[in-house]
Each structure stands twice: as C-alpha cells, then as structure tokens.
There are 4 protein chains.
Amino acid sequence: MANSKYEYVRSFEQSDTLLPNTWIVVRIDGRGFHSFSNRYNFTKPNDIRALNLMNAAASAVVKEIPDLCIAYGVSDEYSFIFHKTTTLFDRRSSKLLSTVVSTFTAFYIHLWRVHFPPDIALQPPHLPTFDARTICYPTLANLRDYLSWRQVDCHINNLYNTTFWAMRQKGGMGPREVEEELKGTLASDKNEILWGRFGINYNDENEIFKKGSVVFCQYELEEPAEGRTDTLALEEDEATAVPDTEPSRTQKERAKKVRAKASVVVRHIDIIKDDFWERRPWISSGKPGKPLAVEEQ
Amino acid sequence: MANSKYEYVRSFEQSDTLLPNTWIVVRIDGRGFHSFSNRYNFTKPNDIRALNLMNAAASAVVKEIPDLCIAYGVSDEYSFIFHKTTTLFDRRSSKLLSTVVSTFTAFYIHLWRVHFPPDIALQPPHLPTFDARTICYPTLANLRDYLSWRQVDCHINNLYNTTFWAMRQKGGMGPREVEEELKGTLASDKNEILWGRFGINYNDENEIFKKGSVVFCQYELEEPAEGRTDTLALEEDEATAVPDTEPSRTQKERAKKVRAKASVVVRHIDIIKDDFWERRPWISSGKPGKPLAVEEQ
Amino acid sequence: MANSKYEYVRSFEQSDTLLPNTWIVVRIDGRGFHSFSNRYNFTKPNDIRALNLMNAAASAVVKEIPDLCIAYGVSDEYSFIFHKTTTLFDRRSSKLLSTVVSTFTAFYIHLWRVHFPPDIALQPPHLPTFDARTICYPTLANLRDYLSWRQVDCHINNLYNTTFWAMRQKGGMGPREVEEELKGTLASDKNEILWGRFGINYNDENEIFKKGSVVFCQYELEEPAEGRTDTLALEEDEATAVPDTEPSRTQKERAKKVRAKASVVVRHIDIIKDDFWERRPWISSGKPGKPLAVEEQ
Amino acid sequence: MANSKYEYVRSFEQSDTLLPNTWIVVRIDGRGFHSFSNRYNFTKPNDIRALNLMNAAASAVVKEIPDLCIAYGVSDEYSFIFHKTTTLFDRRSSKLLSTVVSTFTAFYIHLWRVHFPPDIALQPPHLPTFDARTICYPTLANLRDYLSWRQVDCHINNLYNTTFWAMRQKGGMGPREVEEELKGTLASDKNEILWGRFGINYNDENEIFKKGSVVFCQYELEEPAEGRTDTLALEEDEATAVPDTEPSRTQKERAKKVRAKASVVVRHIDIIKDDFWERRPWISSGKPGKPLAVEEQ
C-alpha cells in the first residue's frame, strides 16, 4: 500500500531558513509566570531557587547544543545565541527554536525537585511552560546591543521591584499606593527611598538580581586589547570575508573535543562594556579558547 | 535610566503571522528517539507505556489549548491542529509552535513516572525532547489528506516493524538478514510472513499500533448525512464566506463553558473515511457539539 | 577561472514560495499618480483615455500570462488573479509579481501614444511606474470578497469624486469648501447634491467609472444554477480534494489551445453578485469554457 | 455605503519586511531575452546598443531612487543595491523590487528608440520585460563578494561567448561543433584560440564587454588608505554600532541636496579589488562625498 496519494501535502511546508551570516537569538519566556509564581509561592521580588533552576536548565541547553555561544537570562526569560556561522538544522527557524524551548522545558521540569523542597511539588495541569521566538542580528554590534538591552532591562525592573516590595513588605503599603508613589520616579528617587526609609543600599543587593545570569563555556581569560574598535572590527571583518579557509574536518573535530571538555559556567557580570567580550574572544569568534590550566569553576 | 539607546534592536523581530482562514498543523517529533528508546529499553516494535505517555501528554495539550480541534499521534510524533478560525497569539507561528512543544514536553517529563516503573527513571542529560514545525492547509480536504497521510504512514510502518521484529525475535534472524528479505515486499507478503511463519494475524494486532491515536473533545455522535459532498461542502462554504455573523461574546462564552465540561478522549480509529468526520461535525466546525447525556468515556 | 570562491553568496537567497492551493492576487498601484495625472492633464474626475490605456495594458498582461484567470482594475490600480492551481515560477512571489508589474509597465508605456494625442507625449523622467504586492486567499469566497472590496471601493470613490468635481467645476467652489461640505455625507446626500444642484443622475454615469473594469477570457455564457451554495460549494470541494485526476498532458495541451483562441475581453459589470460567477464557471474552475460560436466581442 | 463588510480581506496581506541593517540587492533579469535578442537582431556576442540602453535605464533608476548606492549590470541583468541603512518603503521587499523593476522597464521601453534605429521598432506583444528578486547581505564583505561574483561571471561568459562567436562567424563552424571543442577548455585555451586562429587579443576587447557596467554617483575620488582591513573594518564597525548619532533632519536635507547635484556615471572597471571601494568611500558609507570641482563626466 503506497502513501503517494496523500503525499502531496508535504509540498505545503514552507521554508523558514534564517539569513546566513547573522547571529540568531532564540528567546524563551515563561508563559503566565505571574500566576505560576504565585501558585508555587515564589519569594518576591526575586526567588533565588527559581533563578537557580532557570540557570541550571539554561546550562543544560548550552551543554546540549554546542552551536550556542552564549546565553543570558533574567527573571523568567532566557536568550540563547547561536553563532552567526551555525548551520545547525540548516538554520531552520522552527527547528532551532523548538529544540531550544523543548530542551529548556525538559530540564526545568526534571530539575524542579532539585531546587524546590518536596512540599512545593509541581501539580498538573499547573506545569511551567515557555514560548519562544527567533531574531536575527547582522553584526556583533547589533547582537551586543540586544544583550545590553536585556541587561539594562534587568536593572530597571529589578530596581523597581526591589523598591516596590520593600515598600509593601517593610513599609506595609498597599499595591495601588506603591504604584502611585513610584509613578514617574527616577532611579535616584528609588535608591533614595530604599536607603532613606529601609536602610537598603541597592548596590549591596545580590549580583544575580542586579545583573541577571550569563552562561557560556569557560576558557582561560585573555588580556584585553588596547581599544575596542580594533578587536571587534577585526573580528567582524575576518569572519565575514569570503570563507576561503573553511576549517578542515580535523580542525572541527579538535574544536569539538576542546569544547566538550570546557565547563559551562554561570556568571552575574556586566556584558555591556567591552571588557567582557575582549577577555572572552571565543564567544564572538566561535572558536574554542585556551583550556583552563586549573579548573576555575 | 532609560533603555531607549538599545531598544532599536526590537525592530529586527520579523513577522511570522500565518495566513488567515487556513488550518494550522503543529507537528512535533521526538529528537533522537531511536537511541532514546534504546536507552530506556522500550519494547519493540511498540512500547505501550511510551504510547500511553505520548497520549497523556497530548491530551493535556488539547485540554490546555482550546483552539486545538484535533490531534493525531503515532510513534514519537504528534500533530496538533488549530481550527482555521483561530486567532490565538495573532496566529504567530513561533508562539503557536513553541507553546505546543513546550507544553507537550512538560507533561511528557512530568508524567513519565506515571507510565514507567520506578526503575526506569529519566537520567539527565538523557531527557526526552521534541522539535516542531507549522504547516498551513487552505481547505478541510487538504487537512484531511494530511491526517490521512499520517495514518497511512502509521499502518505502513507498523506492518513493516511488526514483521521485522517477529522475524528477529521469533525467527531469530539478524537485522541485515531481515532487511534484505523484506526489501521490496508488498503488504500481502508481510501478512503472509506473519501468518505463515509465526501464526500472527496482523488484523488481531492492537488497534493503537495499527491506527495510531486520535485526541479530541467528545460530544454526542451525530447521524452521518447521506453523502459526503453535502456535509463537507456546506461546512467549507459556510465557514469561508464573509463572516458577517461573527459569534457574539455571549455565544463565545457559552461555547467555552460547554467545551470546558467536555471530556478529551483518545481513540484508535480510522480518520481517513468520511464517517469519522460526519459523526463528529464539531471537529471541523469548531463549534462545540451536544454534551453527552451519560459520560461515554 | 572558476567562480566558486564567490558563489557562496547564492545561499543568501531566501525562499518566497506562496502557499499551494490558494488564490494569488498581484495588485499593482500607480506610483505618485496624483502628480502624474496633473502633469499630463488627466480629465477629472475620470480620464477615459487613461482608463482605456490601463485596460489595454491589463488585457495584454492577461493574454501573456495564461495562468491569470481574471483581473479587475479601477483608477490607477489593477488586481491580477492567478488561479489557485497555478505552479507558474513554482509560485515564487517575487517572480510572479515582478513579471506582472514589468509586463504591465511595458505595455502601458508602449501603448501610451495609442491612447493619448501626440501633444501629450511622455517626458522622462516623468514616466508612469507601478508598485506591486502579492496576497493569498485560501478560498474562492475569500477571493470574491477581495474583488467585491475593490468594486465597492470603486463605487464609493467614484461617487465622492463625481460629486467633488461637479461642485468644483460646475459649482465653482474651492477644494477646502467642498471637502468641508462633503465630510460625513452619505451616498444619498451625494446623489441629492448631484441631482438637485447640477441635474446629474449618478445612475447615468459611465459604467466604466461606476463599476471599474473586469478582464477575462470570453467563452459561451452558461445558465446560472438554481442556488449559489450548490455550484460554488461543489466547485470548492471538487477542486480541493486529493488531485488524483491530475489532467493529462494531452488535456493540458488541449486546454492551452482552446484558451489561446479565446478573446480577452474588458467588461464593466457587477462582480459582487453570484450571477457573474455562475455564468462564467471557467473563471473559478481554471478550465476553459465552451468557445463562442460567433465571436461576441 | 460602508465597505466594512469586505474589508477583512486586508488582514490576509503578509509582512515582507527585510531584515534591518543588511544590504538589499534587487536583481532584475530579462525575461526570454534569448529569443528577444534574436527577434530584434542583436549583434553577437555583444550588442553595444542594447548594453547602452540597459545602462541608460539603470542610470535613470539610480537617479530616481536616491537610496540606491550602486548598481552593476551585465548582459540582460542588473543588480541594484540599497544601502543597508535604507528605510525606503519600510524595507518591504515587494515594494522595493516592484518599484525598481517597473522603473527600469519604463525607461528601457521609452528609451528604446534613442538607442535603436527607426527600422528596429518594438512590436507588441514582443516587448522587453524583466523579473526581479531581492537578496539581503549582512556585511559589506558579503555584498562585495556578491558583486565580485557577478563581475567574474561577466568575464567567464564573455570570454566564452567571444570565442564561440569568433569560431562561428570567422571560423565558419557550426554551433554543435564549437560547443564540442570548447567543452572543458580553460581560459588560457580560449585566449589561445582567439589569438592563434583569429588574431584577436582578448585584452583589447571593449571594457564594457569584459567588465560589465557600474553605475553610481560621482564625487571627488579619495586617496586609498594603506590597507583594506583598516578602512573597511572601521566602516563596518562604525556603521553597525548603536546609531546614537542618527543624522539630524538638517544633515539629511543637506545630504539630499548634495546628492541631487551629483552626476550619475557609468564605468566599466574592476569592482573586485579594494581600490574601487577605497577611492569611493561614499558608496559604502551612504553619505555623499565631496562634490567634483570640475565636472568629470
């Protein structure tokens, strides 16, 4: 019995190949995490267990998919970056994003009990799920601006939330009242409220709350070059010229092995300034760095 | 501190809205399930526990997302169908597919221990994950051909696998040897091998293996109309004309309530012939049917 | 000397294949025709020479590209419809739309002097040009609604323009003054102004102005069926089922010959009501009709 | 009379916005120019009148659409490059390509009689038409590789055609015979045939045949920088960083005026080497150069 009569339906699948030589961001977002976090009694404004779980799931994704060069997470969202040279799944958008979001979800659910106590067990149908999207960036500068956008957003939201919940929890104010007072305030105003009323120095807050989390393969840090322009520009130019020296099979195999041995680390540091990128050139180059002599992590 | 400097990066997101008035299929596929099924000792050719788990996860997805009108699964794949009138997530492909695949993965992982014994526990990093794609079909006839394609495929593969594993397990043959003998055989040849050598009547095999699994909301079955053309054609025409009688808010609310009370059932029946569709007009119409007097399930 | 070093750039071309089994509309619009029509002294509100030129160019396009089943034009825009079964250029959007707009432009320029007197010659760089877009419609009902939308628009605009220019040319009013008075008026108000002040019965206006222009191949008109539902629904259903009776090569060749002999005609008639479609079933079926015994045109 | 009943059809238009910060190529190709060139007795292997007409039409397009920074043509094809910063038509692919191909067609038809003698008049329906496609390139290096690909192609084809037609016209050979002999030959072989049998030194051939035609705005040439890497890399980096110094309205107006005064020139020179780009930095920067003291052209 042949299946040819119906096979014409395959022709309705449409191509969703992403433009070559662009950085691919897959960003996942928790679905309905406001009510989800209430149901499982997440601590406000930040639940460190939930953040650690996000980071554990993200690390697993980065380990599973070697074409990812960096990931950045804050709150219930995570951005995974495929290096611009990736040819994984022929750069098909749906395959890339579904693989990332499914793998992330799998680890998030599976690792839940590692990060939450037994009395906070997941109860179906209230399971955590995520949606996802893909975005392409033509240049490293655009990609860095994307990541800077997310990290600045982390800071803005965290300062607001920290102040909001201090006023509610320590100040005993109602939600409307707090919203009203915070409307239109500047960062300096919020810092002043925190310090003046509650003795909280925002700078002393946990780095994971203020900076979010960066996930990447760890190699030996390099000395930063003198100026940004040179390093990045060189990188950009080199990587986009005619790829006449496509790495050989042997080179690829060697890179794969080096990478497999490297640790995937989670850091809570500034990724907006050049320093982060200059000291970790393997992230933008897509080529593994020098293995750590002694394990850093 | 404003975020406006970097916000321009948002403009790089591209629209992936799917064509209105088309049936949307989201098909998920197990990633690397060949080795996954070996690792967790799935029974060959079919592991009923694994299939029941697939069906449980799929049922949860259909319950969670009311815009789904039917789902069909076989082996490690499942097709979820959004009714052509859906406006969920503004019909954005990435949102639809990521929501489906993430929800499916969440339930699959969470329900694993319900369907497998304690000694077959999931061991990270070997977690089950799925990829996904979307496909649009302009007409009900195309959609039915898509589903027929999957069900015929189920039959072809199951007959092959049943014969293959009978020859290996009962016939004691090696994999090469079996492949060689089966090359180019017709369905009748395989039926003959099963019956002649192993006394297996393929027709007696489990329906879930032969037909796959159909998931949908259950209402009272209707009497099939006299001829297919009338029913379907009418449906097609009615649904595609100018929607000048868009259902009212009240009607929508009522439909939602009826649907919420309906059971989501799993069946292993023919969905190629007209009978299935004529007796369950709510699947193609997208409007809830008559509630069951006495719960059928 | 090989060109392989640079040939990788071909991989950046992205697929723009349109969904199968959908009606493809290519709509072209005159670019900057407001000032263009002023420069060449088009008669207001309608210049019959310009409309005839549009129709001549459109007829040439329909003759050149047999996969077009109908075209509809009004003012400086024209919609060309590819039958849903077309596989021309593998349904690539850019090829379809560029071919239509380039062919239309070519004939519009070339035929200019046939429709305008020698003293109104085209003066570069002020040449007429057109932009274009493609839109897909899954069902005949959607397509007919699209065409109805354009024809209703023609009516609305023409009634407004006829009234506007009567008030200016015969009433001696200024543009602002007219706009002000017409703001918020109903069709009946405009009819009343035309009749009451200027003795113009809008119904007596030229059909080409009121209805726009329809271009199609002419065959012998058929008797309309009794009810719309039957005919159209049947058509819809028949055309979308599994194409197991794909026309043979001979049938295709015969159809091509019949079509080549058919006249392409321009009509100014209602295409909203069923009558137009029922009497010309070849437009929606995509199969040539019965050749005219005596040439109608 | 409202049009709201049908207006829902507008929602079927799908977005075709091209990725920001990428170079947009619109390439047009003559449709059926093999038979077209036979019909109008084009000289083989190159008809200088036809090439001049292509260049005249391309120059008109570049004049009409200021966002184009360069164009390159060979035979019956032309590539028009929009600067990566363009926001023309919101970067909608269909609008960009239809505008280019319609404008090109308009001028090609209109200027035909300027370039061909009166006895070679266009005869409908045999009018020249063009199709078009869009391709995006993320970096200047990719774009230059694209243009290099076209220019190398020009060289390869022209050497072949020059040899082919010499053998036919001067050598009196038949087409099959020539094809057979040229199969598998290297460039050096063809040069040898040309020189040895027909006394033709390929280097002496007309530059327009060997190099194709480049169209761009002319400003004062600049001294090339010392090395390519610096200049281009700098350009690349500068242009892709956060656009925090978006040009002011005044700057834009000034740039527009400078550009409007600049001549659009046609050159037949190498665009593969760095020299072309370094001496004309306005092409890659998108900012007008220094106006010529004395008109060069």
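What counts as what
Residues numbered from 1 in each chain as written. Chains lettered and ligands numbered in written order. Predicted model: local features only at pLDDT ≥ 70, side-chain atom pairs only at ≥ 80, totals over all residues. Heavy atoms only, no water. Helix = DSSP H or I, 4+ residues; strand = E, 2+ residues; numbered from the N terminus. Buried < 20%, exposed > 50% of the residue type's maximum accessible area, 1.4 Å probe, protein only. Contact = heavy atoms within 4.5 Å. Areas by Shrake-Rupley, 256 points an atom, 1.4 Å probe, with all protein chains shown as cover. Lys, Arg positive; Asp, Glu negative; His and termini not counted. Charge placed at Lys NZ, Arg CZ, Asp CG, Glu CD. Axes fitted to C-alpha atoms, helices over the stretch in contact; angles between N-to-C directions. Left-handed = near helix turned anticlockwise from the far one by under 90°. Nonpolar A, V, L, I, M, F, W, Y, C, P; charged D, E, K, R; others polar. UniProt positions renumbered as here; feature names shortened; annotations may be inferred. Pairing = 2+ DSSP bridges. Expected span 1.5 Å × (residues − 1). Arc of directions from axis to C-beta.

Participant: Give a detailed account of the overall build of chain A, specifying residues and quantitative values.
Facilitator: Within chain A, the secondary structure is distributed over 11 helices and six strands. Viewed in the frame of its principal axes, chain A has a C-alpha envelope of about 65 × 65 × 40 Å. Of all 297 residues assigned to chain A, the portion counted as buried reaches 52%. Summarising the internal contacts of chain A: among those between residues at least 6 apart in sequence, 78% fall at separations of at least 24. Here chain A has roughly 13,600 Å² of accessible surface; of this, 49% comes from carbon and sulfur atoms. Charge separation in chain A, taken as the distance between the mean sites of 38 positive and 41 negative side-chain charges, equals 6 Å.

Participant: Before we move on, could you go through the packing of helix α3 (residues 93-115) of chain A against helix α3 (residues 93-115) of chain B and cite the residues and values that matter?
Facilitator: The interhelical angle for the contact between α3(A) and α3(B), taken along N-to-C directions, is 30°, at an axis separation of 9 Å. Viewed along their axes, α3(A) and α3(B) form a crossing whose handedness is right-handed. Residues A:Ser94, A:Leu97, A:Ser98, A:Val101, A:Ser102, A:Thr105, A:Ala106, A:Ile109, A:His110 and A:Arg113 of α3(A) lie in contact with α3(B), whose contacting residues are B:Ser94, B:Leu97, B:Ser98, B:Val101, B:Ser102, B:Thr105, B:Ala106, B:Ile109, B:His110 and B:Arg113. Classifying every residue of the contact of α3(A) with α3(B) by side-chain character gives eight nonpolar, 10 polar and two charged.

Participant: Could you give an account of the UniProt feature "binding site: Mg(2+) 2" (unreviewed entry) in chain A, naming the residues involved and the relevant values?
Facilitator: Residues and elements named next belong to chain A. Under the UniProt annotation, "binding site: Mg(2+) 2" (unreviewed entry) lies at Asp-29 and Asp-76. A maximum C-alpha distance of 5.9 Å among these annotated residues, which run over 48 residues, shows that they cluster at one spot. Asp-29 sits in the buried class, given a relative accessible area of 15%. In this view, Asp-29 contacts Asp-76, Glu-77, Thr-129, Phe-130, Asp-131 and Arg-133; residues no more than four positions away in its chain are not counted. For Asp-76, the location among the structural elements is in the loop between β2 (68-74) and β3 (77-82). Apart from residues no more than four positions distant in its own chain, Asp-76 is found in contact with Ile-28, Asp-29, Gly-30, Phe-33, Met-54 and Phe-130.

Participant: Talk me through the sheet that holds strand β1 (residues 23-30) of chain B; I want residue IDs and the actual numbers.
Facilitator: Residue and element names in this part refer to chain B. Strand order in the open sheet formed by six strands is β4-β1-β3-β2-β5-β6, with antiparallel pairing between adjacent strands. Among the strands making up the open sheet, the edge pair consists of β4 (130-137) and β6 (264-267). Between one strand axis and the next, the sheet turns by 20° as a mean value, whatever way the strands run. Both β1 and β4 contribute to a ladder of eight bridges, which runs antiparallel. Its bridge partner lying in β4, Trp-23 is registered against Tyr-137.

Participant: Hey, could you go over the environment of C:Gly172 for me, with residue numbers and the actual values?
Facilitator: Residues and elements named next belong to chain C. Checked against the element boundaries, Gly-172 lands in the loop between α4 (140-169) and α5 (175-182). In this structure Gly-172 comes out as exposed when scored by relative accessible area, which is 62%. Note: C-alpha distance between Gly-172 and Ile-272 (100 residues apart in sequence) is 36 Å.

Participant: Got a sec to walk through helix α6 (residues 187-198) of chain C? Specific residues and values, please.
Facilitator: Residues and elements named next belong to chain C. Compared with an ideal rise of 1.5 Å per residue, which puts 12 residues at 16 Å, α6 spans 16 Å between its outermost C-alpha atoms and is within 8% of the ideal. Within the sequence span of α6, burial applies to Lys-190, Ile-193, Leu-194 and Phe-198. Buried residues of α6, viewed axially, fall in a sector of 95°; they line one side. Exposed and oriented more than 90 degrees from the buried face of α6 are Trp-195 and Gly-196. Next to the buried residues of α6 lie α4 and α5. Two residues or fewer after α6 comes Gly-199, characterised by a positive phi angle close to 65°.

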